[in-house]
Amino acid sequence: MNVNLITVGKLKESYWKNACDEYLKRLSALCKIRIIELNEYRISDSPSQKEIENGLSEEAKNMLPYLETKGAFNIAMCIEGKKMSSEALSQTIEKCGVDGFSTINFVVGSSFGISDEIKSKCKVRLSMSEMTFPHQLARVMLLEQIYRAFQISKGTKYHK
């Protein structure tokens, strides 16, 4: 199984990178994991709605080639998405394999979110919580949950 995190923006602080690297190392034994970091569109400090929409549209252009790959199951990480337990995420990942999907793309947008065009290409809209997290922490949390999902499928003791 190929798993891609398609993210807007890069990790800057070493502690976030170190945390992500740990989960990437753990996941490498379970799947082919890859983080695809796309450039964030530059938006002014007090953007208009039109400027935000233009930025999301530009970011979408960079995301589309990954989402339109044959055999890809796309999941948008967005605040209005549904909440899912770790067990349900594990079942979703398992079902993707059974249904013939070779790649799962998790899409993480910028601080302004993800364009509607991208969301329409995703079979699932997933929310981590009703709380707001920094994007860097959310990336670490998502990697941990993907790792946990694979561990649940394997029946290990990692998930208690």
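Above: the structure in question.
Residue numbering note: each chain is counted from 1, following its sequence as written. Local features are withheld for residues below a pLDDT of 70 in this predicted model, meaning they are given only at 70 or higher, and side-chain atom pairs are given and counted only at 80 or more; totals for whole chains, interfaces and linings count all residues. Side-chain calculation: all heavy atoms of the structure are included, whereas hydrogens and water are not.

Two rings from Phe, Tyr or Trp (for Trp, the six-membered ring) form a pair when their centres sit within 6.5 Å of each other. Planes less than 30 degrees apart are called stacked, planes more than 60 degrees apart edge-to-face, and all others tilted. Tallying each qualifying case throughout the model produces four aromatic pairs. Here Tyr15 and Trp16 contribute two aromatic rings whose centre-to-centre distance is 5.1 Å and whose plane-to-plane angle is 55°, an arrangement assigned as tilted. Between the aromatic rings of Phe73 and Phe101, the centroid separation amounts to 5.2 Å while the plane-to-plane angle is 75°, which identifies the pairing as edge-to-face. One end of the pair, Phe73, is in strand E3 (residues 72-83); the other, Phe101, is in the loop between helix H3 (86-98) and strand E4 (103-108), and 28 residues separate them in sequence. The rings of Tyr23, Tyr147 and Tyr158 are connected pair by pair, giving a single aromatic cluster. Each helix is a run of DSSP H or I of at least 4 residues and each strand a run of E of at least 2, with the numbering of both proceeding from the N terminus.

So, about the pattern of salt bridges. A pair is scored as a salt bridge if a Lys or Arg side-chain nitrogen falls within 4 Å of a carboxyl oxygen belonging to Asp or Glu. The tally for this structure, following the rule as stated, stands at ten salt bridges. With a closest N to O distance of 2.8 Å, Glu37 and Arg139 form a salt bridge. Here Glu37, found in strand E2 (residues 32-38), pairs with Arg139, found in helix H5 (residues 135-154); they are 102 residues apart in sequence, far enough to count as distant. In this structure Glu37 comes out as partly exposed when scored by relative accessible area, which is 33%. Of the residues examined, Arg139 reaches a relative accessible area of 7% and is grouped as buried. Only protein chains enter the accessibility calculation, which uses a 1.4 Å probe. A residue is then buried if its area is under 20% of the maximum for its type, exposed if over 50%, and partly exposed in between.

No statement about biological role is implied by the geometric values presented.
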